[in-house]
Amino acid sequence: MKSHSDSSLPLTVVTGATGTLGRHVVDGLLSSGRPVRAVSRRPRRSGLPSAVEVVTGDLHEPATLNTAFETARALVLIAVPDSAVEVVACARAAEIEHIVVVSSAAVTAGHDTTYNLPVERAVRASGLDWSIVRPGEFATNALLIWGPSIRSGRRVVEPFPDQAGNPIHEQDVADVIVADVIVADLLDPDRRGRVDTIVGPDTLTRREQVARIAAAVGGDITLDEVTPEQALRFYREQGGFAADNAEWLYGFTSYDGVEGVADEPREANAASDGAYLTLTEVLGRPGRSYARWARDHAFDFGRPPAD
């Protein structure tokens, strides 16, 4: 990574910069020499590279963003639906030209109408240039859901082991976001006004995903096939991300939180749909494999360090 940025290049403001995806976006922009300003509620705890200007701001409180948006040309915007209209108005008032929205493939599927979709609509209606990136299932969900039980007992609890999907490496999502910021300005203005729903290159069942994690970690991981009700109880007790999302993940509510409505497919084979694009189709190079992702996170799953 370059250790400096070129102040003559347009400034990009990144929201969500201290999250897993946001850190990759920041690194990608810095690697291209772009000046980056990160918005954080706790700037002193950001842990971001010294080349990044970190400022105080909160998407839930748009009035805190006026300084953060000053002199910026581009904005990477994560979803906070309740304040989206006001945040976009702040961006327009600051003369930001281009907003890249980090959304979700759930919008493409028609499942998300209350979280990411309102943010997309606010940006589209702004009169500014925009690009929308809708990632499918993040591979990192496996770390958040299965990670604790793999680390503690080499075990995965799963009610739908033969459900297939195309998990995507968070670095690939970041690469598309960075391309939408940089390429739109420098090389290909047609990247503006794009909606890219992106998925990983491998179609894998949950069972196959566990096998690839086991290969990366070294040793066996037991997959316990349980009922959805048993999975719900298990992950509620586990807490964290899994507990927060268990009702939707296991079919007790819709993505939008409607009880008794399951909107995620449970078929054994993932459907082929032209609305869902791979990195080859979006960036012209293959996406990172799930096996690569598992190797990248082997130590997060508890692989012992080499002697």
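Residues numbered from 1 in each chain as written. Predicted model: local features only at pLDDT ≥ 70, side-chain atom pairs only at ≥ 80, totals over all residues. Heavy atoms only, no water.

(A) Here's a closer look at the packing of helix α10 (residues 228–238) against helix α11 (residues 240–249). Remark: α10 packs on α11, axes separated minimally by 7 Å, with the N-to-C direction vectors making an angle of 145 degrees. Note on packing geometry: the crossing formed by α10 with α11 is left-handed. Along the contact surface, α10 presents Leu232, Tyr235, Arg236 and Gln238, while α11 presents Gly240, Ala242, Ala243, Ala246 and Glu247. Of the residues that constitute the contact of α10 with α11, the class distribution is five nonpolar, two polar and two charged. (Axes fitted to C-alpha atoms, helices over the stretch in contact; angles between N-to-C directions. Helix = DSSP H or I, 4+ residues; strand = E, 2+ residues; numbered from the N terminus. Left-handed = near helix turned anticlockwise from the far one by under 90°. Contact = heavy atoms within 4.5 Å. Nonpolar A, V, L, I, M, F, W, Y, C, P; charged D, E, K, R; others polar.)

(B) Representation of the pattern of salt bridges in the model. Tallied over the full model, the rule gives 13 salt bridges. A salt bridge links Arg207 to Asp162, with the shortest nitrogen-to-oxygen separation between them at 3.3 Å. Placement of the pair is Arg207 in helix α9 (residues 206–217) and Asp162 in the loop between β7 (155–158) and β8 (164–165), with a sequence separation of 45 residues. You can call Arg207 partly exposed: its relative accessible area is 38%. Notably, a salt bridge pairs Asp175 with Arg288, separated by 3.1 Å at the nearest N-O pair. Note that Asp175 is positioned in helix α8 (residues 170–186) and Arg288 in the loop between α12 (279–283) and α13 (290–296), a separation of 113 residues in sequence. Overall, Asp175 belongs to the partly exposed group, its relative accessible area being 21%. Linked through salt bridges whose partners overlap, the residues forming this network are Asp172, Asp175, Arg285 and Arg288. (Salt bridge = Lys/Arg side-chain N within 4 Å of Asp/Glu carboxyl O. Buried < 20%, exposed > 50% of the residue type's maximum accessible area, 1.4 Å probe, protein only.)

(C) Seen up close, α10. If you check which residues of α10 are buried, you get Ala231, Leu232 and Tyr235. What you see down the axis of α10 is that its buried residues fit within an arc of 100 degrees, all on one side. Here the buried face of α10 lies against α6 (140–145), β7 and α11. (Arc of directions from axis to C-beta.)

(D) Fine view of the packing of helix α3 (residues 84–93) against helix α5 (residues 116–124). Close contact between α3 and α5 brings their axes to 9 Å; oriented N to C, the two are set at 30 degrees. Both α3 and α5 take part in a crossing whose hand is right-handed. Side by side, α3 and α5 meet where Ala84, Val85 and Val88 of the first sit next to Pro118, Val119, Ala122 and Val123 of the second. For the contact of α3 with α5, the per-class residue count stands at seven nonpolar, no polar and no charged.

By themselves, these observations are geometric and do not establish any function.
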